[in-house]
Amino acid sequence: MSGSPEEYHSLDIFAIPPEAYELNERDRKKVVDNLIKTNKGPFAPNSLAHAAEISVAEQILVNVLLLVLMGGPLAWFSFVAPAVWIFGSWYSVTMYVLFTLVLSLHPIPYRGNFCHYLWKSGIQKACFRYFSYRAVWTGDALERVRACQPYLGAGVPHGVLPFANLLSISAINLFTFTGTFVGAPASVTFNTPFLRYFTMLGTCDCSREVVAKEIERGNSVGVVPDGIAGIFRCNDGDEVCFLKSRKGLAKLSLKTGAPIVPAYSLGNTAVFKAWFDKWGIMERISRKAQLSIFLFWGKFGLPIPLRTPITTIFGPPIEVSRARLTAFFGPPLEEGHSCTHQQLLCATFRET
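In this report, we go over the structure that sits alongside the text.

When you go through the chain residue by residue, the secondary structure sums to 13 helices and 10 strands. Within the chain, contacts between residues at least 6 apart in sequence are counted, and of these 79% link residues at least 24 apart. Put simply, the chain shows about 17,100 Å² of open surface, and 63% of that area lies on carbon and sulfur atoms.

Take a look at the structure:
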């Protein structure tokens, strides 16, 4: 489905019928194309804000799952660890350390057939409905993304946890027909007890070397450019992402030649409430440790995300090359990497 620049498109991913998940790609594409809503000009206010219908059983399933995955690390390190060290015996301490190593290092299938099973599972469908997940784009952005494989997906804001980016892994692989897509979480995620099970959706390490190898294999990769710093820019009043000093995306795109597909997800920062000190102490510690240290809470004051609609808005791919950057910014570039990330991201997100 192609569109003129004034056309706006929306796909309610939560509304895709369960039987479509099992269809072959050609038939699945027909179903998806029939569900895409197109409007001449912007959609009416609040027309894309309605929540999906979800059963009580599905809500309980999602709440319990996310309580374990999000609350597990908190309970294990914030409550169990102090209790063992203060009140336990040497035997208890030894067992705690051994269990921590097992939870951190035991093998998990974060690529392959198991990912395909998870994408089509009832849990994934329930998560789409819980967050009323939808995608919005303008003009021929989707067709241009399909034609530029592989690409780097730049999804902000991070929030407490980038739920939109997690949801997008299965949604992109099943319903956008743009080839294989993997997420690239922080390296520490792969060894954090409980939280590491999110990587089973289909992921790779976020290091430049690993992402570059994925691009070489023809796989598109999604990153969260604002990372840990983005967590500490969240507030109740504004949508904020931290990008000005982040040059990694520009360097990676120039190195691999992969275009950047910009995306912004509304609602991602609203699923949790967060608290961190105003002096930046927790942020500095988090950056040094490469591990987020702050307080957050959701439903019932627990680490259960609030049921908030999440909408991912994406734009057409930005072809990043030295020639294009020179033409766009004027003076010839001495070196492709010398282009500031702030300029590149301004050009990128202006098109979303």
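Okay, back to it.
All right, on to the nonpolar core then. Ile13, Phe128 and Phe163 are the most contacted members of the largest nonpolar core, which totals 62 residues. Elements with a minimum of two residues in this core: helix H2 (56-87), helix H4 (113-119), helix H5 (122-130), strand S3 (134-138), helix H6 (141-146), helix H7 (163-175), helix H9 (227-231) and strand S7 (260-266). Top element by residues in this core is H7. It accounts for 9 residues. Setting aside residues no more than four positions away along its own chain, phenylalanine 128 makes contact with Ile13, Phe14, Tyr21, Tyr133, Leu167, Ser170, Ala171 and Phe175. Judged by nonpolar contacts, the second largest core, of 15 residues, contains Ala184, Leu249, Leu252 and Ala258.

Take the packing of H2 against H5 next. Closest axis-to-axis distance for the H2/H5 pair is 9 Å, and the angle between their directions is 100 degrees. As the angle between them shows, H2 and H5 are arranged roughly perpendicular. Contact residues: H2 offers Glu58, Gln59, Leu61, Val62, Asn63 and Leu65, while H5 offers Ile123, Ala126, Cys127, Arg129 and Tyr130. In terms of residue class, the contact of H2 with H5 is built from 7 nonpolar, 2 polar and 2 charged.

For the rest of this paragraph, the subject is the side chain of serine 10. With respect to the helices and strands, serine 10 occurs in strand S1 (residues 7-12). On the basis of relative accessibility, which here comes to 0%, the residue serine 10 falls in the buried class. Ignoring sequence-local partners within four residues, the contact set of serine 10 consists of Leu35, Ile36, Lys37, Phe43, Leu48, Arg134, Ala135, Val136 and Trp137.

So, on to the environment of valine 224. Take valine 224: it is sitting in the loop between strand S6 (220-223) and H9. Along the backbone, valine 224 and alanine 263 are 39 residues apart, and their C-alpha atoms lie at a distance of 9.8 Å. Once you skip the residues sitting within four places of it in the chain, valine 224 turns out to touch Gly155, His158, Pro162 and Asn165.

Following the criterion strictly, the structure yields 12 aromatic pairs and no others. An angle of 35 degrees between the planes, with centres 5.9 Å apart, marks the rings of phenylalanine 114 and tyrosine 117 as tilted. Separated by 3 residues within a single helix, phenylalanine 114 and tyrosine 117 lie in helix H4, roughly one turn from each other. Residue tyrosine 117 is classed as exposed on the basis of its relative accessible area, which comes to 55%. A cation sits over an aromatic face here: lysine 125 above tyrosine 21, 4.7 Å from the ring centre.

With that settled, the discussion passes to the pattern of salt bridges. Summed over all chains, the structure comprises 7 salt bridges. Among the ionic pairs, arginine 129 bridges to glutamate 58, the shortest N-O distance being 2.3 Å. Placement of arginine 129 in helix H5 and of glutamate 58 in helix H2 is noted, with a sequence separation of 71 residues between them. We note that arginine 129, like glutamate 58, is buried.

Before going further, it helps to examine the packing of H5 against H7. Taken N-terminus to C-terminus, the directions of H5 and H7 make an angle of 110 degrees; their axes are 11 Å apart at the nearest point. Comparing the axis directions of H5 and H7 gives the class roughly perpendicular. Residues Gln124, Cys127 and Phe128 of H5 touch H7, and the partners they reach there are Leu167, Ser170, Ala171 and Phe175.

Take the sheet that holds strand S5 (residues 181-183) next. Taken in spatial order, the 8 strands of this open sheet run S2-S1-S3-S10-S7-S4-S6-S5, and their pairing is mixed. Either end of the sheet is taken by a strand with one partner, and the two such strands are strand S2 (37-40) and S5. This sheet shows a mean twist of 25 degrees between the axes of neighbouring strands, independent of strand direction. The strands that helix H8 (residues 208-216) touches are strand S4 (152-156), S5 and S6; relative to S6, the one it contacts most, it runs at about 150 degrees.

Thresholds applied
Residues numbered from 1 in each chain as written. Predicted model: local features only at pLDDT ≥ 70, side-chain atom pairs only at ≥ 80, totals over all residues. Heavy atoms only, no water. Helix = DSSP H or I, 4+ residues; strand = E, 2+ residues; numbered from the N terminus. Contact = heavy atoms within 4.5 Å. Areas by Shrake-Rupley, 256 points an atom, 1.4 Å probe, with all protein chains shown as cover. Core = buried A, V, L, I, M, F, W, Y, C linked by side-chain atoms within 4.5 Å. Buried < 20%, exposed > 50% of the residue type's maximum accessible area, 1.4 Å probe, protein only. Axes fitted to C-alpha atoms, helices over the stretch in contact; angles between N-to-C directions. Parallel < 35°, antiparallel > 145°, perpendicular 65-115°, else oblique. Nonpolar A, V, L, I, M, F, W, Y, C, P; charged D, E, K, R; others polar. Phe/Tyr/Trp six-rings, centres within 6.5 Å; stacked < 30°, edge-to-face > 60°. Lys NZ or Arg CZ within 6 Å of the ring centre and 35° of its normal. Salt bridge = Lys/Arg side-chain N within 4 Å of Asp/Glu carboxyl O. Pairing = 2+ DSSP bridges.

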